[in-house]
Structure formats: structure tokens, C-alpha cells
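Coordinate inspection notes
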Amino acid sequence: MPFQLSASPTTATVATPTALERVAADMQVVDGVIRQQLGSEVPLVGEVANYIIGAGGKRVRPALLLLMCQALGCTDARRHSLAAVVEFIHTATLLHDDVVDESALRRGRDTANHLFGNAASVLVGDFLYSRAFQMMVQAGLMRVMDVLADATNVIAEGEVLQLMQMHDAALDEAAYLRVIRAKTAKLFEASARLAAILAGSDAATEAHCADYGQSLGAAFQVIDDVLDYEGDVAEMGKSLGDDLREGKVTLPLICTLQRCSTADATLIRTAIEHGNSEHLPQIIEIVRRSGGLADARRAAQAQAQRAMAAAQTLPPSPSREALIQWTTALLERRS
């Protein structure tokens, strides 16, 4: 039986659109900023960048920045530009990730590297990074540049760390969490922290916002990894077991290895070490019946509870409640 949070299904179902609807008007402004800033005299730059930006992603990170701004009563016009910045940084990491992972499909569409080649994808990723830094400078706040420069550096370190850990069947939960806190949670943390900086919040409030973002991002990634073994292919827009094919050891596998039989563990470790997908259906079945997915979901819930506790420290408002409900809804997503 799938692990369930204590919130009712009705609340969770309604929470995500409620949270996103609260920033829908702001997100339209952000989309306009993104279109404007993708302009380049080099046609291929715009073609690749528009392709990946237009892929219909969740835009979770910019939405988080905007919703946190609402919760803090911040109406600084620079919030739209900074929301576009975090989306550019995230998109640049996707372009580079797909090249490293040799991915051909993302969200049900051909990846940019599959269509335009690895060189174009890497270079356009670099363009998005550099454009993001141009926009940071225009914001005119040294703290903003400090936070985003640090986040970009940590994300890059996380990418390299994950590369070093590929095909390592001995990877434990602590090492896994270190990677996802760098690769995924750091930009969530930065997005929430930027809202506090724009709002002129005190140090304690800024820290609570950062804690919310960091914990939300970690929970988000754990669920992403769970869906790689239990998700619906049509909803996800990618094949199940992609992480295993690439030699990535994620929390569902780590938890499964702690629970399964010696024979099953040997099969999984061999697949990890050799990137062998020959027994993928059997391994997915082992992960599903072992209780590893439930363990991973419990770990995601623990991160979600930390995020909710951090949000509770913010001033009471509908936006604060949306942040709390959104945490539950993101955990229950199917894609």
C-alpha cells in the first residue's frame, strides 16, 4: 500500500493548483521576462534555449520564490527578474545533465542534446548561466549575487559528486542526501532565501525561508527518485528505471538493498556496477515489494515536515498556508 501523508487526499489534490494559482499572474510576468531575456544575435542560441524553456516544466523554483514573496508581503518588482534567473540556472543544469547522462527523452519530448547535439546543448547551457548572472547584476543587490553565485557553485559540485558516485553499489543514505542537497535542494533554498532578501527580512526569517526551501527541495528529489520505480510512464514522460540504467544509486535502491534477500541484493548490485538493464523489470519488482519505496517516502515525509515547521514560523496568511499545503501536494505528485 503506498505511503500516505496524514493530510486528506482532497486537501492534497487541491493544494498544488491553489498554491500555483496564487502566483499565476506573477508567473505570466516571469514568462515575459524569460522570452525577452532569451534574445540573442546567434540564432541557434535562441532556438535551443526556447526549445528547452518551452518544454512545459513545472517552474517550481520560480513559483517558490514568488509564493514566498507573497508570504512575506514583498512586492519588489525585481522578484520577477530573479524568478527568471533561478529558472535559467535550473534549465542550464538540465541541458548539461542530459548531455552527461546521454538522455534522449525528457518530459515526453526529445532532449535538446538529442535534437541539436551535445556541443550546442552545453554551450547554450553556458549562455543561460551567463545571462542569469547578467540579470543578477542588474538587480543591484550584492546579497542576491552572493546567494546565487554560491548556489551555482554548490550545484556544480553536486553534479561532479554524483558523477564520482555512479555505479557505486556501496553508496549509503548519507552520501545520497549530500548529492541531492547540492544538486536539487540548493536552488530551492536559494529561491526561498532570495524572497527574504527582497523583503528585507531579518536574519532569523531568512534562515527559516532557506530551511523551508532546502527541505522542500530534498523531499521533491526523493519523490522524483521514487517515481522512477513506481511512476506511470505516460504521466512521467520517460521510461521507468532510467536512474538504474545510468548507474545512479538513489534512495529507493539504497532502502531496498537494506531489506531484500542476498540473491536479490546481488542482482541489484551487479546491475548498478555494470549499468546493466537486462534484469530491470525484475529489479523494479524487487524494489516495489521490498518496502524500499515506503522507506524512501518516509524519508521524503521527514523532509516535508521540516519544511512545514519552517513555514509555520512565518506570519499567518493564505500564502503561508499555501506553502504548507504545497509541500504535501508535491509529495503526492505523479510526474
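Computed from a predicted structure; not experimentally measured.

Quick notes on the rules
Residues numbered from 1 in each chain as written. Predicted model: local features only at pLDDT ≥ 70, side-chain atom pairs only at ≥ 80, totals over all residues. Heavy atoms only, no water. Axes fitted to C-alpha atoms, helices over the stretch in contact; angles between N-to-C directions. Helix = DSSP H or I, 4+ residues; strand = E, 2+ residues; numbered from the N terminus. Parallel < 35°, antiparallel > 145°, perpendicular 65-115°, else oblique. Left-handed = near helix turned anticlockwise from the far one by under 90°. Contact = heavy atoms within 4.5 Å. Nonpolar A, V, L, I, M, F, W, Y, C, P; charged D, E, K, R; others polar. Buried < 20%, exposed > 50% of the residue type's maximum accessible area, 1.4 Å probe, protein only. Phe/Tyr/Trp six-rings, centres within 6.5 Å; stacked < 30°, edge-to-face > 60°. Lys NZ or Arg CZ within 6 Å of the ring centre and 35° of its normal. Salt bridge = Lys/Arg side-chain N within 4 Å of Asp/Glu carboxyl O. Core = buried A, V, L, I, M, F, W, Y, C linked by side-chain atoms within 4.5 Å. Disulfide = S-S within 2.5 Å. Expected span 1.5 Å × (residues − 1). Polar contact = N/O pair within 3.5 Å; in protein donor to acceptor, adjacent residues only side chain to side chain. pLDDT = per-residue confidence, 0-100.

A word on the packing of helix α10 (residues 203–230) against helix α17 (residues 318–331). Taken N-terminus to C-terminus, the directions of α10 and α17 make an angle of 20°; their axes are 9 Å apart at the nearest point. It follows that α10 is roughly parallel to α17 by the angle criterion. Once α10 is placed against α17, the crossing between them reads as left-handed. Between α10, through Tyr212, Leu216, Ala219, Phe220 and Ile223, and α17, the contact on the second element is made entirely by Leu323, Trp326, Thr327, Leu330 and Leu331. Across the contact of α10 with α17, the residue classes break down as 9 nonpolar, 1 polar and no charged.

Another point: unusual backbone geometry. For histidine 167, which is not glycine, the phi torsion reads 65° and is therefore positive. Tracing the chain through its elements places histidine 167 in the loop between α8 (142–165) and α9 (173–198). Given a relative accessible area of 33%, histidine 167 falls into the partly exposed group.

Attention now goes to the packing of aromatic side chains. All chains considered together, the criterion is met by 2 aromatic pairs. Ring geometry for tyrosine 51 versus phenylalanine 116: centroids 5.8 Å apart, planes at 75°, classification edge-to-face. Of the two residues, tyrosine 51 sits in helix α3 (residues 43–53) while phenylalanine 116 sits in helix α6 (residues 112–116), which places them 65 residues apart along the sequence. Relative to phenylalanine 220, the ring of phenylalanine 188 lies with its centre 5.4 Å away and its plane at 45°, an arrangement referred to as tilted. Taken together, the residues phenylalanine 188 in helix α9 and phenylalanine 220 in helix α10 connect sequence positions 32 residues apart. Between arginine 333 and the ring centre of phenylalanine 220, over which it is positioned, the NZ or CZ distance is 3.8 Å.

It is possible for side chains of opposite charge to pair when their charged atoms get near one another. With the rule as written, the count across this model stands at 21 salt bridges. Of the charged contacts, one joins aspartate 150 and lysine 186 as a salt bridge, the two residues approaching to 3.3 Å between their closest N and O atoms. On the criterion of sequence distance, the pair formed by aspartate 150 in helix α8 and lysine 186 in helix α9 is long-range, its members being 36 residues apart. Judged by its relative accessible area of 38%, aspartate 150 falls in the partly exposed class. Through salt bridges with shared partners, one network takes in Arg143, Asp146, Asp150, Lys186, Glu189, Arg193 and Glu206.

This part covers the nonpolar core. The biggest cluster of nonpolar side chains holds 70 residues, and the ones touching the most others in it are Met68, Ile89, Leu148, Tyr212 and Trp326. Among the nonpolar cores identified, the runner-up in size contains 39 residues, and Ala169, Ile180, Ala185 and Ala296 belong to it.

Moving on, we get to the packing of helix α13 (residues 251–259) against helix α15 (residues 280–290). Axis separation between α13 and α15 bottoms out at 9 Å; the angle between their running directions is 75°. The pairing of α13 with α15 is recorded here as roughly perpendicular in orientation. On α15, the residues that touch Pro252, Leu253, Thr256 and Arg259 of α13 are Ile283, Ile286, Val287 and Ser290. A breakdown of the residues in the contact of α13 with α15 according to their chemical character gives 5 nonpolar, 2 polar and 1 charged.

Glancing now at the environment of alanine 169. By the secondary structure assignment, alanine 169 is in the loop between α8 and α9. Alanine 169 gets classed as buried once you look at its relative accessible area, which sits at 9%. Once the C-alpha coordinates of alanine 169 and alanine 271 are considered, the two residues, 102 residues apart in sequence, prove to be 8.9 Å apart.

Bringing the environment of valine 60 into the picture now. Relative to the helices and strands, valine 60 is located in helix α4 (residues 60–71). The exposure class of valine 60 is buried, given its relative accessible area of 3%. Once the C-alpha coordinates of valine 60 and valine 29 are considered, the two residues, 31 residues apart in sequence, prove to be 15 Å apart.

Right, let's talk about the state of the cysteines for a bit. Overall, the coordinates contain 0 disulfides when judged by the stated rule. With no disulfide of its own, cysteine 209 has cysteine 69 as its nearest cysteine by sulfur position, at a separation of 9.2 Å. Residue cysteine 255 stays outside any disulfide, its sulfur separated by 11 Å from that of cysteine 260, the closest cysteine. On the accessibility criterion, cysteine 255 (5% relative accessible area) is buried.

The terminal C-alpha atoms of α17, which comprises 14 residues, lie 20 Å apart, in line with the 20 Å expected from a rise of 1.5 Å per residue. The buried fraction of α17 amounts to 11 of the 14 residues, a majority that puts the element mostly inside the structure. Taken as a whole, α17 has its buried residues at Ser319, Arg320, Ala322, Leu323, Ile324, Trp326, Thr327, Thr328, Ala329, Leu330 and Leu331.

Let us now look at the side chain of aspartate 242. Along the polypeptide, aspartate 242 turns up in helix α12 (residues 242–245). A polar contact is formed between the side chain of aspartate 242 and the side chain of arginine 245, at a distance of 2.7 Å.

Bringing the confidence of the model for the protein into the picture now. Chain-level pLDDT for the protein is 88 on average; 91% of the residues reach the 70-or-more range. Taken as a whole, residues 1–16 scores under 50 in pLDDT and shows 18 contacts with residues more than four places along the chain or in a different chain.

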